[in-house]
There are 2 protein chains.
Amino acid sequence: MTSSSNSPCPKFDRVTIIGVGLLGASLGLALKQRGMAGRVVGVGRANSPSLRVALDRRAIDEAQTDAAVAVKNSDLVVLCTPVRQFPETLRAIAPALQPGTIVTDVGSTKQQVMQWAADMLPKSVHFVGSHPMAGSEKRGPESAKADLYDGALCLICTDFPLEAAAIRIVEMWTRIGMRTQVISPELHDLWVAAVSHLPHAAAFSLVNAAALVPDALPVAAGGFIDSTRVASSDVQMWTDIFLTNQNDVVAMMNRYIGVLEDLRDAIEHGEEDSIRNFLTKAKEKRDDLIRHRNAAKESKP
Amino acid sequence: MTSSSNSPCPKFDRVTIIGVGLLGASLGLALKQRGMAGRVVGVGRANSPSLRVALDRRAIDEAQTDAAVAVKNSDLVVLCTPVRQFPETLRAIAPALQPGTIVTDVGSTKQQVMQWAADMLPKSVHFVGSHPMAGSEKRGPESAKADLYDGALCLICTDFPLEAAAIRIVEMWTRIGMRTQVISPELHDLWVAAVSHLPHAAAFSLVNAAALVPDALPVAAGGFIDSTRVASSDVQMWTDIFLTNQNDVVAMMNRYIGVLEDLRDAIEHGEEDSIRNFLTKAKEKRDDLIRHRNAAKESKP
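Residues numbered from 1 in each chain as written. Chains lettered and ligands numbered in written order. Predicted model: local features only at pLDDT ≥ 70, side-chain atom pairs only at ≥ 80, totals over all residues. Heavy atoms only, no water.

### Here we look at the interface of chain B and chain A
- Contacts between the two partners involve 82 residues from chain B, matched on the other side by 82 residues from chain A.
- A buried area of about 7,700 Å², summed over both sides, lies between chain B and chain A, and 70% of it is on carbon and sulfur atoms.
- Here chain B and chain A share four salt bridges between them.
- Here B:Arg84 and A:Glu272 are joined by a salt bridge, their closest N and O atoms 2.5 Å apart.
- Between the two partners, chain B and chain A, sit 31 residue pairs in polar contact (both at pLDDT 80 or more).
- Among the elements of the structure, strand S8 (153–157), helix H7 (185–210), helix H8 (222–227), helix H9 (235–244), helix H10 (246–268) and helix H11 (272–298) of chain B are those that each provide at least two residues to the side of chain B that touches chain A. (Contact = heavy atoms within 4.5 Å. Buried area = accessible area lost by both parts, 1.4 Å probe. Salt bridge = Lys/Arg side-chain N within 4 Å of Asp/Glu carboxyl O. Polar contact = N/O pair within 3.5 Å; in protein donor to acceptor, adjacent residues only side chain to side chain. Helix = DSSP H or I, 4+ residues; strand = E, 2+ residues; numbered from the N terminus.)

Structure follows, in structure tokens:
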């Protein structure tokens, strides 16, 4: 589902962003740049410099260390911490949320998150799951930028038919430049296991496998650097993601291992045609993907 | 071994580059830009547009379709075709090479190539194996550039002690901006299996695994695109590489599969500490690698 950015979009009076790392602080910058938030409140730990950095960079207008205090009178709350902190946060803010508040998130897994929200939030509050597929191996509010989300895809999980709350969330991501697509949490978790969680598991594993050969890593060139870029991602965030999408990640890793074994067997037995067909299939699919992305970029107004 | 670019480097009178794709045409541009070649002769197929493009881009001064004719009176011959065309080429040029000619290559595997050269070239000719670790998923002389090799590493395989021919080849790659390292063909093939051939096998497999999930590929974001960049590489070139470094590639793929299985098991059993340790080890090693590369770049004159 795509929403036009020309339709009216009433702004949120008070937006609370819980977790002011790369994603949270970038969202604050983007909302403020587009005039979509009356006031942005950031929640972080008292002993971390993140709140100070987010304030200095004007990603937030106000810093809070108590989420339950921060969300009072907020009409939008966005969870931007690593996913496995969500239960604790949801439990803490539930009693303080005013009826009608919209709660969303930026987490990379959705079935588990939707379940936590259903279990812990009062019925008078609307939870809409968001997964903006933007980011970077960098982290922290010092790396935040207002255009981090620009042009990327945001997958949104909610009930059908779309409630007003879901429509406002679709509007919000669209307004800050994202393409949006509403899908079921089940399909979401399977798709991102295939195109995001598996590539991360593959990249972390590629570094650890190459490191088994003494002295080989220093000769690595651009191919290795690019193939493993996401292995420099935040460890806690990815531990959380793997643990909140266990089934789909394990299933995709098994499929990947099976595909690798096919290629390994073809190489071991010198089956030239099999190798060529395998590589051709992969190259054609990736080249297609790049062509579609480039076409989409060019057609952007 | 690193060679100073301030030492005298007599130029080659006539350089024949066999294969004027990305690597061959870029070498022609680089040699001409540095005034290191009197005349550059390119060899290609009569029915391919590559020779015309290479001439138009001034990567070569002269186009030939018969390698045996082209190498006459050349003091340097560089094999830049896919590796498995080397035997046919070496057989064709062997009778036409003048004594003292230096023959080198840009192939990604070395034990097999050194063996072919030893078997097929006359003893009066010097073969030095080169593997400039530069390139791109792009191909053809239309993508060639004079600075393709700049700042990258060139692994050089030859006998010890270094003969004059090997020293001239080290000089040549150094002059066009590469860092050089002389190692045994056995170590070369193992190292590149770990940091180049495995990442390519992993990337091709990653695309084919993700493609097993219907409709998932279009939601792929930057992580997938970077992780699979090298899966857009030339299919014939990579079929050749896998088939000329079979043992090391299969061994590294088996190690990789073992490492993936460790991570999969930790995720499947919810072993948070094991996952965190696995990711931390990979992230630290990659971050170290990036730091060293950045430091090396900064210290470059």
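### Quick look at the relation of the copies chain B and chain A
- Overlay of chain B on chain A (RMSD 0.0 Å): rotation 180°, translation along the axis 0.0 Å. Between the two chains, the operation in question is that of a two-fold axis. Closest approach to the rotation axis among the C-alpha atoms of chain B is made by B:Ser227, whose C-alpha sits 2.0 Å away.
- Both copies share a contact surface, since 100% of the interface residues of chain B are interface residues in chain A too. (Least-squares fit on C-alpha atoms with pLDDT ≥ 70 in both.)

### Observations regarding the packing of aromatic side chains
- Counted under the stated rule, the structure contains five aromatic pairs over all chains.
- With centroids separated by 6.1 Å and ring planes inclined at 85°, the aromatic side chains of A:Tyr256 and B:Tyr256 adopt a geometry described as edge-to-face. Here A:Tyr256, found in helix H10 (residues 246–268), pairs with B:Tyr256, found in helix H10, and the two come from separate chains. Residues A:Tyr256 and B:Tyr256 agree in their burial class; the two are buried.
- Sitting over the face of the ring of A:Phe12, A:Arg168 holds its NZ or CZ atom 4.1 Å from the ring centroid. (Phe/Tyr/Trp six-rings, centres within 6.5 Å; stacked < 30°, edge-to-face > 60°. Buried < 20%, exposed > 50% of the residue type's maximum accessible area, 1.4 Å probe, protein only. Lys NZ or Arg CZ within 6 Å of the ring centre and 35° of its normal.)

### Brief notes about the sheet that holds strand S7 (residues 129–132) of chain B
All names here are of chain B.
- Strand order across the open sheet formed by three strands is S7-S8-S9, with mixed pairing between neighbours. Strand pairing shows two members of the sheet lacking a second neighbour, S7 and strand S9 (179–182), which therefore form its edges. Each adjacent strand pair in this sheet contributes to an overall mean axis angle of 20°, direction not counted.
- With four bridges joining them, S7 and S8 adopt antiparallel strand pairing. Following the sheet pairing, His 131 is matched in S8 by Leu 155.
- Sitting on the sheet, H7 is in contact with S7, S8 and S9, with an inclination near 145° to S8. (Pairing = 2+ DSSP bridges. Axes fitted to C-alpha atoms, helices over the stretch in contact; angles between N-to-C directions.)

### A look at the confidence of the model for chain A
All names here are of chain A.
- Mean pLDDT for chain A: 93, with 95% of residues reaching 70 or above.
- Within the model, the stretch residues 1–7 combines pLDDT values under 50 with 15 contacts to residues more than four positions away or in other chains.
- Under the prediction, the complex receives an ipTM of 0.87, its pTM being 0.86. (pLDDT = per-residue confidence, 0-100.)

### Examining the packing of H10(A) against H10(B)
- Running from N to C, H10(A) and H10(B) point in directions that differ by 165°, and their axes come no closer than 10 Å. Relative to H10(B), the element H10(A) is oriented roughly antiparallel. Once H10(A) is placed against H10(B), the crossing between them reads as left-handed.
- Tallied by class, residues from the contact of H10(A) with H10(B) come to 16 nonpolar, four polar and six charged. (Parallel < 35°, antiparallel > 145°, perpendicular 65-115°, else oblique. Left-handed = near helix turned anticlockwise from the far one by under 90°. Nonpolar A, V, L, I, M, F, W, Y, C, P; charged D, E, K, R; others polar.)

### As for the sheet that holds strand S5 (residues 102–105) of chain A
Residue and element names in this part refer to chain A.
- Taken in spatial order, the six strands line up as S3-S2-S1-S4-S5-S6 in an open sheet, and their pairing is parallel. Where the open sheet ends on each side, the last strands, each with one partner, are strand S3 (62–64) and strand S6 (126–127).
- Where strand S1 (residues 12–18) lies against strand S2 (residues 37–43), six bridges are found, and the strand directions are parallel. Note on S2: the bridge partner recorded for Ile 18 is Val 43.
- Its contacts with the sheet place helix H1 (residues 22–33) against S1, S2 and strand S4 (76–79), and it is angled at close to 165° to S1.
- In the packing of helix H4 (residues 86–93) onto the sheet, the strands contacted are S1, S4 and S5, and the crossing angle to S4 comes to about 160°.

### So, the environment of A:Met36
Residues and elements named next belong to chain A.
- Following the sequence through the fold, Met 36 ends up in the loop between H1 and S2.
- Look at Met 36 and you get buried, because its relative accessible area is 5%.
- Taking the C-alpha atoms as reference points, Met 36 and Asp 215, separated by 179 residues in sequence, lie 52 Å from one another.
- Non-local contacts of Met 36, meaning those with residues more than four positions away in its chain, are made with Lys 11, Phe 12, Leu 31, Met 172, Arg 175 and Ile 176.

### Regarding the pattern of salt bridges
- Within the structure shown, the criterion is met by 30 salt bridges over all chains.
- A:Glu171 is the salt-bridge partner of A:Arg175, the closest N and O atoms lying 3.9 Å from each other. Of this pair, A:Arg175 and A:Glu171 both sit in helix H6 (residues 164–175), separated by four residues, roughly a single helical turn.
- Connected through salt bridges with shared partners, the residues A:Arg84, A:Asp240, B:Glu272, B:Asp273 and B:Arg276 form a single ionic network.

### Focus: H6(A)
Residues and elements named next belong to chain A.
- Under the 1.5 Å per step criterion, the end-to-end length of H6 is 16 Å for twelve residues, consistent within 8% with the ideal 16 Å.
- Those residues of H6 that fall on the buried side of the exposure criterion are Ala 165, Ala 166, Ile 169, Val 170, Glu 171, Met 172, Trp 173 and Thr 174.
- After H6 finishes, the residue Gly 177 shows a positive phi value of roughly 105°. (Expected span 1.5 Å × (residues − 1).)

### Considerations on the packing of helix H7 (residues 185–210) of chain A against H11(B)
- Two numbers describe how H7(A) lies on H11(B): the axes approach to 9 Å, and their chain directions differ by 70°. Here H11(B) runs roughly perpendicular to H7(A), going by the angle between their axes. For the pair H7(A) and H11(B), the sense of crossing is left-handed. Between H7(A) and H11(B), the contacting residues are A:Phe204, A:Ser205, A:Val207 and A:Asn208 on the first element and B:Phe278, B:Leu279, B:Lys281, B:Ala282, B:Lys285 and B:Arg286 on the second.
- A breakdown of the residues in the contact of H7(A) with H11(B) according to their chemical character gives five nonpolar, two polar and three charged.

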